[in-house]
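Spelled out, the chains give:
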Amino acid sequence: MNKARHIAIIMDGNGRWAELKGKKRVQGHEAGAKIVKEITTFCSNAKDIERLTLYAFSTENWKRPRLEVEFLMKLLEKYLKNELNTYIRNNIRFEPIGDLRAFSKSLQKTIQTIQEKTAHCDGLVQALALNYGAQDEIIRAVNKIKDCDDGITEVMLSNALDSKHSVDLLIRTGGDHRLSNFLLWQVAYAEIFFIDTLWPDFKVESLEKILKDFKKIERRFGGIK
Ligand code: IPE
Ligand code: IPE
Ligand code: MG
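Residues numbered from 1 in each chain as written. Chains lettered and ligands numbered in written order. Predicted model: local features only at pLDDT ≥ 70, side-chain atom pairs only at ≥ 80, totals over all residues. Heavy atoms only, no water.

## Focus: the site of ligand 1
What counts here: For this description, a residue counts as near a given molecule or strand if any of its non-hydrogen atoms is within 4 Å of it. Whenever two N or O atoms come within 3.5 Å, that pair is a polar contact, provided that in protein one can donate a hydrogen and the other can accept it, and provided that, for residues adjacent in sequence, both atoms are side-chain atoms. What counts as a helix is a DSSP run of H or I of at least four residues, what counts as a strand is a run of E of at least two, and both are numbered from the N terminus. Residues are grouped as follows: Ala, Val, Leu, Ile, Met, Phe, Trp, Tyr, Cys and Pro are nonpolar; Asp, Glu, Lys and Arg are charged; every other residue, Gly included, is polar.
Around ligand 1, the surrounding shell consists of Met11, Asp12, Gly13, Asn14, Gly15, Arg16, Arg25, His29, Ala56, Asn61, Arg64 and Leu72. The side chain of Asp12 places a nitrogen or oxygen atom 2.8 Å from an oxygen atom of ligand 1. With respect to ligand 1, the side chain of Arg25 contributes an N or O atom lying 2.9 Å from an oxygen atom. The greatest single-element share of the shell around ligand 1, amounting to three residues, is contributed by helix H1 (residues 14–20). Taken together, the residues of the shell around ligand 1 sort by class into three nonpolar, five polar and four charged.

## Quick notes on the environment of Glu218
Tracing the backbone through its elements, the reader meets Glu218 in the segment after helix H7 (204–216). In terms of polar contacts, Glu218 uses its side chain to reach the side chain of Arg220, at 3.0 Å.

## Comments concerning the sheet that holds strand S6 (residues 191–194)
Put simply, the rule reads: Note on pairing: DSSP must find at least two bridges between two strands before they are called paired. The angle between two axes is taken between their N-to-C directions and runs from 0 to 180 degrees, where each axis is a line fitted to C-alpha atoms and a helix contributes only its stretch in contact. What makes two residues a contact is simply this: any of their non-hydrogen atoms within 4.5 Å.
Here six strands make up an open sheet; going across it, the order is S3-S4-S2-S1-S5-S6 and the pairing parallel. Among the strands making up the open sheet, the edge pair consists of strand S3 (93–97) and S6. If you compare each strand with its neighbour and ignore which way they point, the axes differ by 20 degrees on average. As paired elements, strand S1 (residues 6–10) and strand S5 (residues 169–172) share four bridges and run parallel to each other. If you follow Ile9 over to S5, its bridge partner there is Ile171. Packed onto the sheet, helix H3 (residues 66–89) meets strand S2 (51–58), S3 and strand S4 (125–132) and runs at close to 165 degrees relative to S4. This element, helix H4 (residues 105–117), spans S3 and S4 of the sheet and lies at about 140 degrees to S3.

What follows is the structure, given as structure tokens:
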């Protein structure tokens, strides 16, 4: 049976969830943050799951209204500070991916602190994609290795990426069927589940159901059975 060692999630639908409830979009982000905690904790207790990569803020999300972006930055800082105990208690290592240089010094410091304080944890890795875009990640990686003498190999490029791990299972909530610049290299052979549930309505049971279906898939990786 397949093992979902690396799960990646495009957590979409916070804004629509809030609008449907007559709330402000930012309240959707707050509700979404609670689900992040629940799903991360569940994954940390699941035996086969080693890595959970969550799309929290894309390189394109800066296009949103200034107030929404500012709210997301504050929410991220608050989340990381509040959840340090959850990370430690559940032996979860926190790892950011993306270009962090665009964030305020204070947020960069918080991200670094949480990373350092969880560096000893050897259970689940929660990788948060922050100012992350796969095209940007690939360009940064190529620039790191472009002067090598013998030409760039697949392994070299892979190792130069922020996220060096291929994805087994990719989930996108919120009803849209696109990747929105997420982990384009790493999802080469991922099983992809697009589901209509809006992220704040996503539950541990929703993930359990997907995992059950994922386990039954025949993964061939270009070979035959
Ligand atoms: C995903 O929810 C969260 C972020 C992109 C930060 P959205 O905010 O995109 O919610 P919708 O897609 O507008 O409903
Ligand atoms: C993808 O959602 C980014 C995150 C979940 C952080 P978006 O809402 O930004 O994606 P598009 O714009 O609908 O493609
Ligand atoms: Mg969206």
